[in-house]
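Okay, here's what each chain looks like letter by letter:
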Amino acid sequence: MSDVLKTTPLCAEHISLGARMVGFSGWNMPVQYSGLMDEHHAVRQSVGLFDVSHMGEFRVKGPDALRFLESITTNHVAKLTDGRIHYTLLTYPEGTIVDDLLIYRFDENNYWMVVNAGNIDKDWSWVTQHATGFDIELTNESDRTAQIAIQGPLAETVLQQLVDRDLSEVPYYHFYEGPVNAVAAVVSRTGYTGEDGFEVYCASEHAVSLWRAMLDKGAEHGIKPAGLGARDTLRLESRMALYGNDIDQTTNALEAGLGWVVKFKKDDPFVGRDALLRIKEEGLVRKLVCFEVTGRGIARHGYPIANASGETIGVVTSGSHSPTLDKAIGMGYVDVAYSEPNTEIAIQVRQKAVAACVVKGPFYQRQK
Amino acid sequence: MYPSEYRYTKDHEWVKVEGDFAMIGITDHAQHQLGDIVFVELPEDGSTFSAGDEFGTVESVKAVAEVYMPITGEVTEINEDLEERPELVNERPHDDGWLIRVRITDPSELDELMDAEAYESFVEEESK
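About the criteria used
- Residues numbered from 1 in each chain as written.
- Chains lettered and ligands numbered in written order.
- Predicted model: local features only at pLDDT ≥ 70, side-chain atom pairs only at ≥ 80, totals over all residues.
- Helix = DSSP H or I, 4+ residues; strand = E, 2+ residues; numbered from the N terminus.
- Rg over C-alpha atoms; globule rule 2.2 N^0.38 Å.
- Buried ≥ 20, exposed ≤ 12 C-beta atoms within 10 Å, placed from the backbone.
- Contact = placed C-beta atoms within 7 Å.
- Axes fitted to C-alpha atoms, helices over the stretch in contact; angles between N-to-C directions.
- Parallel < 35°, antiparallel > 145°, perpendicular 65-115°, else oblique.
- Left-handed = near helix turned anticlockwise from the far one by under 90°.
- Nonpolar A, V, L, I, M, F, W, Y, C, P; charged D, E, K, R; others polar.
- Core = buried A, V, L, I, M, F, W, Y, C linked by C-beta atoms within 7 Å.
- Pairing = 2+ DSSP bridges.

Enquirer: Could you give an account of the overall build of chain B, naming the residues involved and the relevant values?
Expert: When you go through chain B residue by residue, the secondary structure sums to four helices and nine strands. When the helices and strands of chain B are read in sequence order from the N terminus, they spell out β-β-β-α-β-β-β-β-β-α-α-β-α. Here chain B has a C-alpha radius of gyration of 13 Å; the compact-globule value for 128 residues is 14 Å, and the two agree. Here chain B holds 128 residues, and the buried ones make up 41% of them. Here the analysis covers contacts within chain B between residues at least 6 apart in sequence; of these, 62% occur between residues at least 24 apart.

Structural data, given as structure tokens:
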């Protein structure tokens, strides 16, 4: 891997907005602008704007596109119709996770896979290796595609001013292709914050004008640019997994609580199906759970989880102070015996065992 | 920005001497680097630490920072307001956001620390 950080087309915008930049999965990204809490609350209460151009986009085209995607992903791609999106996984033969991603169906022979920034190279070699024998054309469009996420209860109001289409008619996990501020774009009602909102994709050269237009139209609604810091606390409150923290090549899809996107009954077998079926039949050994810290302290990634007798029963995969709930929350893998809600556990915070309790999750759910 | 009567460490703590005692906190630069502070863990009254020992942690939403003793001393008081209002460290790092008060063991250790001017240049140099 190169030491030079990659930049998105919006890098200069972030710096001029006073962002603090950090290296994240090989990218130079804004971690915060006005402050993490301020940005977090803006997204929950009004609207926030995120540069997520580091995410990857692979185009899958051709007569075998559907069959190919069915063979490498766990969700049932044939259930998608034009203009619809679903969350899914690429899995290894062992049932562990290559990446989590979204699939967009443009038409029956034309799809997009939207993958995590840190996994673009790994995923690209994975999909190309598995493409043998399929009549498809694969294109890595990541470098030429920018993505801006506008998230929060006022996201629709702000974005509506830049598009002709009535956005109230675009349901959750649907998208369309059309102009945004006179620029060709893909408008998708999706996000990683637990709020209503959109993810808008455009060609890299138009990212700056689109970013500025959204900030401009959002000004009267209190829009705030938001960084990776707020993105992480928002997704954690909504119990969304982060690849590299909560899920990775060592965690299987079922123990990660992602069985809802593993469709054993779809027609074609997929990579990892047999292993996942066996895991399902044998039962889980550990499970990814949500917990609240009831004692004094904050759980962090990698801290051990113990039972009442002090024996280690798991590990924290994500942990933070929750700005919305004003308490310490987290997720982690625990032995199944301790995975039921209301189970008392302890987080080993430096030299101290701090009391915590398994909860159902998500920690936050927006009012619909 | 940095009070001229205070002394400073390279780990971004400050010391304010009051007779035989000293107040200790983290600098404005340190709180700014950490971001929104949500949790402060401090030692018990009566504990003693040598210069350079870790005596507590200051946590923001995303980060954990250890704080180190600028001088040797015995803790005589901790800032109890921080339990309810850790954000004081962000808002008033050089006064209301203080962390601990100690009885100074060896006043000569203070000579090892930076004055405000030296600390300001140190921060500038560090952020280059």
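Next, the rest of the story.
Enquirer: A description of the packing of helix α2 (residues 36-45) of chain A against helix α7 (residues 228-237) of chain A should follow, citing residues and the corresponding values.
Expert: Residues and elements named next belong to chain A. Between α2 and α7, the shortest axis-to-axis distance is 8 Å and the interhelical angle comes to 55°. Here α7 runs oblique to α2, going by the angle between their axes. Once α2 is placed against α7, the crossing between them reads as right-handed. Contacts between α2 and α7 involve Leu 36, Glu 39, His 40 and Val 43 from the first element and Gly 229, Ala 230, Thr 233 and Leu 234 from the second. A per-class count over the contact of α2 with α7 returns four nonpolar, three polar and one charged.

Enquirer: How would you sum up the nonpolar core? Please name residues and give values.
Expert: Among the nonpolar cores identified, the biggest contains 131 residues, and Ile 148, Ile 150, Val 200 and Ile 347 of chain A are the most heavily contacted of them. Look past the residues within four positions of Ile 347 of chain A in its chain and what remains in contact with it is Val 293, Gly 297, Ala 299, Tyr 303, Ile 305, Val 316, Val 354 and Ala 356 of chain A.

Enquirer: Help me get a handle on the interface of chain B and chain A, residues and values and all.
Expert: Chain B puts eight residues into the contact, and the matching count from chain A is eleven residues. Looking at the side of chain B that touches chain A residue by residue, the class counts come to four nonpolar, one polar and three charged.

Enquirer: Any details on the sheet that holds strand β6 (residues 97-107) of chain A? Residues and values, ideally.
Expert: Residue and element names in this part refer to chain A. Across the sheet, five strands lie side by side as β5-β6-β7-β4-β8; this open sheet has antiparallel pairing. Single-partner strands in this sheet number two, and they are β5 (84-91) and β8 (137-140). Neighbour-to-neighbour, the strand axes of this sheet turn through a mean angle of 25°, independent of strand direction. Looking at chain direction, β5 and β6 are connected through eight bridges and run antiparallel. Note on β6: the bridge partner recorded for Thr 91 is Ile 97. Here helix α3 (residues 65-72) sits on the sheet in contact with β4 (56-61), β5, β6 and β7 (110-115), set at roughly 130° to β4.

Enquirer: Describe α3 of chain A, and please don't skip the residues or the numbers.
Expert: Of all eight residues making up α3 of chain A, six are buried, and the element is well covered by its neighbours. As for α3 of chain A, its buried residues are in contact with β4, β5, β6, β7 and α4 (120-129) of chain A.

Enquirer: Which residues make up the pairing of strand β3 (residues 48-51) of chain A, and what values go with them?
Expert: All names here are of chain A. The alternating pattern of β3 places Gly 48 and Phe 50 on one face and Leu 49 and Asp 51 on the opposite face, and all of these are buried. Taken together, the four bridges between β3 and strand β9 (residues 145-151) define a ladder with antiparallel strand orientation. Bridge pairing links Asp 51 to Ile 148 in β9. Bridge analysis of β3 against strand β13 (residues 224-225) gives two bridges, and the strand direction is parallel. When the sheet's bridge partners are listed, Gly 48 is paired in β13 with Lys 224.

Enquirer: If you had to explain the sheet that holds strand β8 (residues 73-78) of chain B to someone new, which residues and values would you point to?
Expert: All names here are of chain B. If you walk across this open sheet you meet the six strands as β1-β2-β3-β9-β8-β5, and the pairing is antiparallel. A single partner strand is all that each edge strand has here, and the edge strands are β1 (7-8) and β5 (48-49). In this structure, strand β3 (residues 21-26) lies alongside strand β9 (residues 100-104), joined through four bridges in antiparallel fashion. By the bridge assignment for β9, Met 23 is matched with Arg 101.

Bear in mind that shape data such as this cannot, by itself, settle questions of function.
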